[in-house]
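Examining the three-dimensional arrangement
Listed here are the chains, written in short residue letters.
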Amino acid sequence: VCVPRLLRVLQSVLCPVQMDLCIEAFGTSKQKRALSSRRMNAVGSDIVSTAVTKAAANVIEAKGVTGLMQDMAQDDVQNISAFLPPCHEDAERPEHVYRFEDILSPAEYEALRVPAATLASISTEEMAKRAEERSLCSFVLEELKFLPTDEKSRDHKARCLWFLDTLIKFSQQKVIKKKHPMGPECPHIISKKLMKNFTSLTYNNGSIQNLISASMKAKITAYVIALALHINNFQTDLTVLQNDLKLSESRILDIAKALRLRVSKAKGLPGLEDEQNHKLGTLSLPLPTQKAPEGQRKRKKMN
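Residues numbered from 1 in each chain as written. Predicted model: local features only at pLDDT ≥ 70, side-chain atom pairs only at ≥ 80, totals over all residues. Heavy atoms only, no water.

How two aromatic rings sit relative to each other is set out by the distance from centre to centre and by the angle between their planes. What the rule picks out here adds up to 2 aromatic pairs. Where F100 meets Y109, the ring centres are 5.8 Å apart and the plane angle is 80°; that geometry is what we call edge-to-face. Lying across the ring of F198, K219 places its NZ or CZ 5.5 Å from the centre. (Phe/Tyr/Trp six-rings, centres within 6.5 Å; stacked < 30°, edge-to-face > 60°. Lys NZ or Arg CZ within 6 Å of the ring centre and 35° of its normal.)

This is the structure in structure tokens:
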């Protein structure tokens with residue numbers, strides 16, 4: 001009987017330990033070398049795992065749980081900063097700090113002309129219907145009440161509102177399974193931008209998927225805030241955006257502060273369901289210096 005062929009047959013009926021014993025006794029030199037290598041790797045993995053566990057225990061003992069939580073919060077702020085739109089700190093005007101073309105390229109902006117036309121010509125009755133259906137976010141519904149009468153300015157604001165609404169709806173998804181996740185009315189160049197810039201690639205069940213991770217949600221939020229600033233003359237209601245994005249207040253405030261906004265309190269806008277005091281985010285020059293969150297110390301760099 002051909003031993004390698006017999007081993008292949010036995011592989012389907014024996015457990016891994018029994019199979020290893022058969023290879024030790026009857027396997028070819030190549031099979032024995034592979035078995036030896038696999039066992040060495042397993043031992044190495046165990047050693048590394050033990051070392052990591054021991055190191056983690058030492059860190060916890062040395063710093064304590066509170067210290068580690070503070071470090072994690074500081075890391076979170078630093079991670080947020082990595083997903084902000086490009087910031088031009090030397091800008092002489094607020095509109096140049098986060099440039100509009102860094103949010104929407106000229107080609108992307110042009111592609112919004114057709115889908116945004118519906119918003120530009122929306123009637124009061126249609127707005128009431130959209131509000132009842134909740135087919136537009138609260139921020140957009142409120143801003144549609146104040147569309148400029150000038151045709152060019154009206155068209156510009158409608159394009160910005162359409163893209164902002166699309167970003168917010170896109171952020172509510174988890175795993176993107178469709179080729180056109182925002183529907184056929186969304187221009188191809190915008191769908192491509194969403195998939196490329198606001199999703200993470202992940203491998204699951206033998207296939208690559210596009211995932212909206214926590215970091216990607218933070219990135220979408222940063223771009224939504226930056227666009228809202230351009231729409232609202234560089235002061236925007238963060239609480240309305242927080243509710244639309246389904247975020248905690250602390251999360252959106254962390255992102256707003258990372259964007260170098262000054263945050264102040266304001267009474268809620270009329271017509272909103274809640275009576276909470278709203279937070280306003282203002283972009284003004286000179287930009288405030290970035291600080292570590294209150295009560296946290298900056299970590300020392302390790303040599």
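By the bridge criterion, 2 bridges tie strand β1 (residues 175-176) to strand β3 (residues 207-211) in an arrangement that is antiparallel. Bridge pairing in β3 links V175 to L211. In this structure, strand β2 (residues 200-204) lies alongside β3, joined through 5 bridges in antiparallel fashion. When the bridges of β3 are listed, T202 appears paired with Q209. (Pairing = 2+ DSSP bridges. Helix = DSSP H or I, 4+ residues; strand = E, 2+ residues; numbered from the N terminus.)

Turning to unusual backbone geometry, a few remarks are in order. The amide bond that connects L285 to the next residue, P286, takes the cis arrangement and shows omega of 0°. Relative to the elements of secondary structure, P286 occurs in the segment after β6 (278-282). The phi torsion at R134 lies on the positive side, around 55°, for a residue other than glycine. Within the element layout of this structure, R134 appears in the loop between α7 (124-133) and α8 (138-144). A relative accessible area of 64% means that R134 is categorised as exposed. Of note, K246 is a non-glycine position whose phi angle comes to about 60°, a positive value. Of note, K246 is situated in the loop between α12 (238-245) and α13 (249-258). By relative accessible area, K246 is classed as exposed at 63%. (Buried < 20%, exposed > 50% of the residue type's maximum accessible area, 1.4 Å probe, protein only.)

One finds F139, L144, L164, F170 and I225 to be the most contacted residues of the largest nonpolar core, which totals 64 residues. Mapped by element, the contributors of at least two residues to this core are α4 (100-103), α6 (113-120), α8, α9 (151-171), α10 (188-197), α11 (214-231), α12 and α13. Broken down by element, this core gets its largest block of residues, 12 residues, from α11. Setting aside anything within four residues of it in sequence, one finds L164 in contact with C137, F139, V140, V224, L227, A228 and I231. (Core = buried A, V, L, I, M, F, W, Y, C linked by side-chain atoms within 4.5 Å. Contact = heavy atoms within 4.5 Å.)

Summarising the model, the protein shows a mean pLDDT of 81, and 73% of its residues fall at 70 or more. Overall, residues 71-78 carries pLDDT values under 50, and its contacts beyond four positions in sequence, including any with other chains, amount to 10 contacts. Here residues 293-303 scores under 50 on pLDDT; set against residues more than four positions off or in separate chains, the count is 10 contacts. (pLDDT = per-residue confidence, 0-100.)

Right, let's talk about the sheet that holds β6 for a bit. What holds strands together in a sheet is hydrogen bonding between their backbones, with the strands either parallel or antiparallel. A sheet is described by the order of its strands in space; here 3 strands give the open sequence β4-β6-β5, paired in antiparallel fashion. If you trace the sheet from one side to the other, it starts and ends with β4 (235-237) and β5 (262-266), each paired once. Neighbour-to-neighbour, the strand axes of this sheet turn through a mean angle of 30°, independent of strand direction. Both β5 and β6 contribute to a ladder of 5 bridges, which runs antiparallel. Paired with R262 across the strands is T282, a residue of β6. (Axes fitted to C-alpha atoms, helices over the stretch in contact; angles between N-to-C directions.)

Position of T221 relative to the elements: it lies in helix α11. A distance of 2.8 Å separates a polar side-chain atom of T221 from the backbone oxygen of K217. Residues within four places of T221 in sequence aside, it is in contact with L245, L247, I252 and I255. (Polar contact = N/O pair within 3.5 Å; in protein donor to acceptor, adjacent residues only side chain to side chain.)

Assignment of secondary structure puts L144 in helix α8. Residue L144 is classed as buried on the basis of its relative accessible area of 4%. C-alpha of L144 to C-alpha of S123: the two residues are 21 residues apart in sequence and 9.6 Å apart in space. With residues near it in sequence (within four places) discarded, L144 still touches L119, I122, M127, L136 and L161.

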